[in-house]
Amino acid sequence: ERNSPNELFKKEHLIDLDELMKKDEPPLTFPKTLEEFEYTFNEQGQLRHTTTGEAFVFNAREDLHRWNQKRYEALGEIVTQYVYELLEKKCNMTKVILPVDVTEEEPRSFIYLSADAMSNPAKLLVLIQGDGVVRAGQWARRLIINQDLDSGTQIPFITRAKEEGYGVMVLNPNENHLEVERPAKPTPLLSPEASDEPAEKRERKDDRESKKKRDFYEKYRNPQKESETEQIPIRENGSPEEHLLYVWDHFVSNAAARNVFIVAHSYGGLSLVELMCQREAQVKDRVCAVAMTDSVHNIWHQDASKSIQEWLQQHCRNWVSSPEPLDTPVEPMLPDCPRLSAGTERHELTSWRSFNSIFQFFSKALQTGDEYEESSNTVTTRSSHRTKHEHNHDD
């Protein structure tokens, strides 16, 4: 007597498909607005359910990891649009399309500028986020959804900067291509070889494997086709590094401000070091101070010259995730900018936790810069004394 395909499949995969088949995955279609999702941001900027008042729950459906993840991503897209809206309405920022000479047919990106970003004669603040799903105005999607808007967005930085007389530029380094849909191919079944090991051993495999399998079985029991996409790069903005270079050449270098200040989180720090390798003289001439937060740059891998390393030591600070109290010096790993504790061990919180320290650092740097213009002799002794003092601290 021959086994049915279902029984064969069960034997090969050591899993009870009948059990799985009972739990059909709901459609992968999700609301397009916060209201339809039944969520809203309260007065404290926390995301709350409109009827229960509860915080966002990731596992809305037990055992449906793919569906929960897709739901989270759909909410994330709505949050992205919501933050753009806040930048425009609450912060009075203007959206500027990139490339500047964009044609009708080609894909485009954008950045946000305050009204005086190009004309402010004194100070300009440039905000650069890390990589990933975050878009202009965000530090971390996870914080916006699970904590609040203050910790997860750049809005407190924009508000404070404007109060202190800075023009502001908000970059959008992860908007690198347009996704165009392709018709999806049917999902192939797992190959028999994948089933040879015992179930216990399979369970011990890392999370990614089990997620892949879970996603596969969910598709098997209810094979909803996910559309495949093709990526068309945005001209001269196809990567975070390219984007920063483009914004530097077309905006920052043409801005009136005598002093440019930069906050760069995570991958943003790497892009900044890359910019220095390409535009060293210009950056040194225009930038007064750089605040990095848990930057992933590496001066050796990125071939930063000795002169770039020395400039970073003088003009840059990196607030890193650490169990130490805020602003405690942390042993530098390489001879570049001094590292200070951000007062948190959570990577994505480093920008928000070092918020006040960053603005104090900028004020001091500006003071030192102004004194330097008045008398280059006094500042030489001051800055060399300061550097020594900080190095002693680090030992």
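Residues numbered from 1 in each chain as written. Predicted model: local features only at pLDDT ≥ 70, side-chain atom pairs only at ≥ 80, totals over all residues. Heavy atoms only, no water.

As recorded in an unreviewed UniProt entry, the chain goes by Arb2 domain-containing protein and comes from Oncorhynchus tshawytscha.

Here we come to helix α11 (residues 267–278). Over its 12 residues, α11 extends 17 Å from the first C-alpha to the last, a length consistent with the 16 Å expected when each residue adds 1.5 Å. Taken residue by residue, α11 has Gly268, Gly269, Leu270, Ser271, Leu272, Val273, Leu275 and Met276 as its buried positions. In the core, the buried residues of α11 are packed alongside β5 (123–128), α10 (240–250), β9 (259–265), α12 (280–286), β10 (287–293) and α13 (306–315). (Helix = DSSP H or I, 4+ residues; strand = E, 2+ residues; numbered from the N terminus. Expected span 1.5 Å × (residues − 1). Buried < 20%, exposed > 50% of the residue type's maximum accessible area, 1.4 Å probe, protein only. Contact = heavy atoms within 4.5 Å.)

Strand order across the open sheet formed by 9 strands is β3-β4-β6-β5-β9-β10-β11-β13-β12, with mixed pairing between neighbours. Two strands bound the open sheet, and with one partner strand each, they are β3 (94–98) and β12 (329–330). Across 2 bridges, β12 lies against strand β13 (residues 339–341) in antiparallel orientation. Across the sheet, residue Val330 finds its bridge partner in β13, namely Arg339. On top of the sheet, α13 reaches β10 and β11 (316–320); it is set at about 70° to β11, its chief contact. (Pairing = 2+ DSSP bridges. Axes fitted to C-alpha atoms, helices over the stretch in contact; angles between N-to-C directions.)

Moving on, we come to the pattern of salt bridges. Tallied over the full model, the rule gives 15 salt bridges. Across the pair Arg235 and Glu236 runs a salt bridge, and its minimum N-O distance is 3.7 Å. In this structure Arg235 comes out as partly exposed when scored by relative accessible area, which is 29%. With its nearest N and O atoms 3.7 Å apart, the salt bridge here joins Glu310 to Lys306. On the criterion of helical spacing, the pair formed by Glu310 and Lys306 is a turn pair, its members being 4 residues apart in helix α13. Assessed through its relative accessible area of 58%, Lys306 is described here as exposed. Taken together, the shared-partner salt bridges in this structure form one network comprising Asp101, Glu106, Arg235 and Glu236. (Salt bridge = Lys/Arg side-chain N within 4 Å of Asp/Glu carboxyl O.)

Relative to the elements of secondary structure, Glu73 occurs in helix α4 (residues 65–89). Taking C-alpha positions, Glu73 is 9.3 Å from Val133, a pair spaced 60 residues apart along the chain.

A grouping of Leu178, Val180 and Ile232 is seen on the molecular surface, where their side chains present a nonpolar patch of about 220 Å² in accessible area. Within the secondary structure layout, Leu178 lies in strand β7 (residues 177–182). (Patch = residues over 30% accessible without salt bridge, like charges linked within 9 Å, V, L, I, M, F, W, Y side chains within 5 Å. Areas by Shrake-Rupley, 256 points an atom, 1.4 Å probe, with all protein chains shown as cover.)

Moving on, we come to the packing of α11 against α13. Two numbers describe how α11 lies on α13: the axes approach to 10 Å, and their chain directions differ by 130°. On the basis of the axis angle, α11 is oblique to α13. Viewed along their axes, α11 and α13 form a crossing whose handedness is right-handed. On α13, the residues that touch Val273, Met276 and Cys277 of α11 are Ile308, Trp311 and Leu312. The residue inventory of the contact of α11 with α13, partitioned by class, reads 6 nonpolar, no polar and no charged. (Parallel < 35°, antiparallel > 145°, perpendicular 65-115°, else oblique. Left-handed = near helix turned anticlockwise from the far one by under 90°. Nonpolar A, V, L, I, M, F, W, Y, C, P; charged D, E, K, R; others polar.)

A word on unusual backbone geometry. Geometrically, the link from Leu98 to Pro99 is a cis peptide bond, its omega value of -10° lying close to zero. One can find Pro99 in the loop between β3 and β4 (109–113). Residue Asp63 is not a glycine yet carries a positive backbone phi of 65°. For Asp63, the position within the fold is in the loop between β2 (47–49) and α4.

Under the defined criterion, the tally for this structure stands at 19 aromatic pairs. Centre to centre, the rings of Trp139 and Phe157 are 5.4 Å apart; their planes meet at 75°, and the pair counts as edge-to-face. One end of the pair, Trp139, is in the loop between β5 and α5 (141–146); the other, Phe157, is in helix α7 (residues 155–163), with 18 residues separating them in the sequence. A relative accessible area of 4% means that Trp139 is categorised as buried. Centroid distance Phe157 to Phe355: 4.9 Å. Interplanar angle 85°. Geometry classified as edge-to-face. (Phe/Tyr/Trp six-rings, centres within 6.5 Å; stacked < 30°, edge-to-face > 60°.)

A few words now on the packing of α10 against α11. Two elements in contact, α10 and α11, have axes separated by 9 Å at closest approach and are oriented at 55°. In terms of axis orientation, α10 runs oblique to α11. Considering only the axes of α10 and α11, their crossing is right-handed. Within the contact between the two elements, α10 uses Pro240, Glu241, Leu244, Leu245 and Trp248 and α11 uses Tyr267, Leu270, Ser271, Leu272, Glu274, Leu275 and Gln278. Residue composition of the contact of α10 with α11, grouped by class: 8 nonpolar, 2 polar and 2 charged.

All right, on to the side chain of Thr350 then. Along the chain, the position of Thr350 falls in helix α14 (residues 350–353). At a separation of 2.7 Å, a polar atom in the side chain of Thr350 contacts the main-chain carbonyl oxygen of His347. When neighbours within four sequence positions are excluded, Thr350 is seen to be in contact with His265, Thr293, Asp294, Trp319, Val320, Ser321, Ala342 and Thr344. (Polar contact = N/O pair within 3.5 Å; in protein donor to acceptor, adjacent residues only side chain to side chain.)

We now examine the environment of Lys123. Summarising the element assignment, Lys123 is placed in strand β5. With a relative accessible area of 14%, Lys123 lands in the buried category. Sequence-distant contacts of Lys123, defined by excluding residues within four places in its chain, comprise Glu164, Gly165, Tyr166, Gly167, Ala257, Asn259, Phe261 and Leu366. From its side chain, Lys123 meets the backbone oxygen of Glu164 in a polar contact 2.8 Å long.

Attention now goes to the environment of Pro107. Residue placement: Pro107 occurs in the loop between β3 and β4. Judged by relative accessible area, which is 11%, Pro107 ranks as buried. Considered as a pair, Pro107 and Arg235 are 128 residues apart in the sequence and their alpha carbons are 7.8 Å apart. Residue contacts for Pro107: discarding those within four places in its chain leaves Pro99, Val102, Leu178, Ile232, Pro233 and Ile234.

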